[in-house]
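Take a look at the letters that make up each chain.
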Amino acid sequence: MDAAHTVIHGGDVLVVGRDVAAVGRSLEVPAGTLEIDARDGIVMPGMIDTHRHMWQTAMRGYGADWTLTQYFVWNYLEHGRKFRPEDYHAGNLLSAIEAIDAGVTTSVDWSHGLATVDHADAAVDALEEVPGRFVFGYGNIHAAPWEWANSPDFRAFVERRMKRSEMLGFQLAFDVTGDPAFPERAAFEAARELGVAVTTHAGVWGATNDNGIRLMHEHGFMTPETVYVHAATLSDDSYQRIAATGGHASVSAESECSCGQGYPSSWALRRHGIPISLSVDTSVWFSADPFSAMRATLSTDRAREHHEAHARGETVTNVGLRAEQVVDWATRGGARALGMDGIIGSLEAGKRADVVLVKNERSPAMFPILHPYGHLVFQAQRGDVHTVLVNGRVVKHAGLLVGTDLGRVRRAIEHTIEHLRRSLGEEEWLAGMHPEIPDTKVLDNPYTYTDYADASTHSA
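Description of the structure in this document. This structure is a prediction, so every number in the text was calculated from the model and none was measured. (Residues numbered from 1 in each chain as written. Predicted model: local features only at pLDDT ≥ 70, side-chain atom pairs only at ≥ 80, totals over all residues. Heavy atoms only, no water.)

Pairing is parallel across the open sheet formed by eight strands, whose spatial order is 4-5-6-7-8-9-10-11. Only two strands of the sheet have a single partner each, and these edge strands are strand 4 (47-52) and strand 11 (276-278). Between one strand axis and the next, the sheet turns through 25 degrees on average, direction left out of account. The sheet contact formed by strand 4 and strand 5 (residues 104-111) spans four bridges and is parallel. Paired with Asp-49 across the strands is Ser-107, a residue of strand 5. Contacts from helix 12 (residues 323-337) reach strand 4, strand 9 (227-230), strand 10 (248-251) and strand 11, with the element oriented near 105 degrees to strand 11. (Pairing = 2+ DSSP bridges. Helix = DSSP H or I, 4+ residues; strand = E, 2+ residues; numbered from the N terminus. Axes fitted to C-alpha atoms, helices over the stretch in contact; angles between N-to-C directions. Contact = heavy atoms within 4.5 Å.)

Next up, the structure:
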């Protein structure tokens, strides 16, 4: 995954310490070097997820039939505060381990339910227990960002925990509602003072829109470090503002298809030249599988291309988006979005050894491998991840995690589920999992930090 998308058949990758020392054929290696046989497989850089609500993994699959509004109501207005710090720890721990198991070596923990700094401490504790590379996106949907980002407790937490190393980065995670007063300014100023990037849900139908982008731009807070998550229902003007300021997008195609943030945006982002990364969003609905993320992104982009052509009475005879571009987004795209492309995202000498071997001799879907990019996007799955290295350390080998006590994680998750079922009551627990909304009932949109309710906040 270098700039030329070089494919080396029958090649070697030499790892020395934490770095890739060489890539090529028939490399000379030091005596005693451990050899991992990658024949009949694909060696690639570790994948990078730029937007994952890791704490929600404790509720895996619970919201399979939710709409985005039901998700907002459940987490924001009703039950999100029932998650204790230990529940955040359990969810983050499971999510971090699952990411590595699937070949995701770097994950952004979009941790947006941190009601207290105790929750934040628990979330970071979990990340530090797992031998992966993480970026902690601090957020708190239960309070206004301009309040929590300037609170003494938050500032003390940053000073105490966020030393920002290669293995644990830091972002602020909050959204802009479009209030003309732009109260989020104080949160952006806090990020600027702390020297950290902002990651924000943008272009989400009924929640964040063009007004938020315009306000960010007019006040000078759109920067190359900013990551715009979803970016699915924006106008050309907003896309142009993102492109002109060098921002990056995070596409969560499975989520956008199911939740209704808007049509997965890669087709629009490509048209405006906006750099793209991929993400899985949340396991409360979706698979948390980078292969599914790549597949959904390529499929929806091509579906849009065909749909637009058919509307013009035309037939697509040559697709515009290729599999290798989507693999690039899953690797180098994430590295660029996080400002880490100098150290991760590709297999090149001098970069960190975040390496994934996709190989499964027991699977009839893993041979023949003729088109490696196409195979990764359309044929492989996370069960085919054979070996994973992070920073030169083997964390998964021969299909098994190394040094991970899944029994301990399972017990922690079971305690969280017991707590939530007891707190909600069995009737409410089941109702949340199987929502039934009367035809005449329209849920209010709770996604606002202020009382501002201009109709424009509900437009695309």
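Taken in spatial order, the five strands of this open sheet run 3-12-13-14-15, and their pairing is antiparallel. Since the sheet does not close on itself, it has two edges, and those belong to strand 3 (42-45) and strand 15 (400-401), each with one partner.

Before going further, it helps to spend a moment on the pairing of strand 14 (residues 393-397). When a strand is regular, its side chains alternate between the sheet's two faces. Pairing analysis gives three bridges linking strand 13 (residues 385-390) to strand 14, with the strands arranged antiparallel. Looking across to strand 14, one finds that Leu-389 is bridged to Val-394. From the end of strand 13 to the start of strand 14, which pair antiparallel, there are two residues, and Asn-391 there has a positive phi angle of about 55 degrees. In this structure, strand 14 lies alongside strand 15, joined through two bridges in antiparallel fashion. Residue pairing in the sheet places Lys-396 in a bridge with Leu-401 of strand 15. Counting the residues that bridge the hairpin from strand 14 to strand 15 gives two residues, and of these Ala-398 lies at a positive phi of roughly 55 degrees.

Phe-136, Tyr-138, Phe-157, Phe-170, Leu-172, Met-294 and Val-358 are the most contacted members of the largest nonpolar core, which totals 107 residues. A per-element tally of this core places helix 2 (residues 85-101) first, with eight residues. With sequence-adjacent residues up to four places away left out, Phe-157 is seen in contact with Val-117, Ala-120, Asp-121, Val-124, Phe-136, Tyr-138 and Met-162. By size, the runner-up hydrophobic cluster in this structure holds eleven residues, among which are Val-108, Val-135, Leu-338 and Ile-344. (Core = buried A, V, L, I, M, F, W, Y, C linked by side-chain atoms within 4.5 Å. Buried < 20%, exposed > 50% of the residue type's maximum accessible area, 1.4 Å probe, protein only.)

What describes a pair of aromatic rings is the distance from one ring centre to the other and the angle between the planes of the rings. As enumerated under the stated definition, the model contains 25 aromatic pairs in all. Both rings, one in Trp-66 and one in Trp-285, keep their centres 5.9 Å apart while their planes meet at 90 degrees; by these two values the pair is edge-to-face. Taken together, the residues span a long stretch of sequence, with Trp-66 in the loop between strand 4 and helix 1 (68-78) and Trp-285 in the loop between strand 11 and helix 11 (290-311) at a distance of 219 residues. The exposure class of Trp-285 is buried, given its relative accessible area of 9%. Ring pairing ties together the aromatic residues Trp-55, Tyr-62, Trp-66, Tyr-71, Phe-72, Trp-74, Tyr-76, Phe-83, Tyr-88, Trp-285, Phe-286 and Trp-429, which thus form one cluster. Just above the ring of Tyr-263 sits the side chain of Arg-304; from NZ or CZ to the centre is 5.1 Å. (Phe/Tyr/Trp six-rings, centres within 6.5 Å; stacked < 30°, edge-to-face > 60°. Lys NZ or Arg CZ within 6 Å of the ring centre and 35° of its normal.)

Below, the discussion takes up the pattern of salt bridges. Taken as a whole and judged by the stated rule, the model has 29 salt bridges. The residue Glu-166 makes a salt bridge to Arg-352 at a minimum N-O spacing of 2.7 Å. Placement of Glu-166 in the loop between helix 5 (152-161) and strand 7 (168-173) and of Arg-352 in the loop between helix 12 and strand 12 (355-358) is noted, with a sequence separation of 186 residues between them. Judged by its relative accessible area of 29%, Glu-166 is partly exposed. Arg-352 gets classed as buried once you look at its relative accessible area, which sits at 9%. Between Arg-241 and Asp-237 there is a salt bridge; the shortest N-O distance is 2.8 Å. (Salt bridge = Lys/Arg side-chain N within 4 Å of Asp/Glu carboxyl O.)

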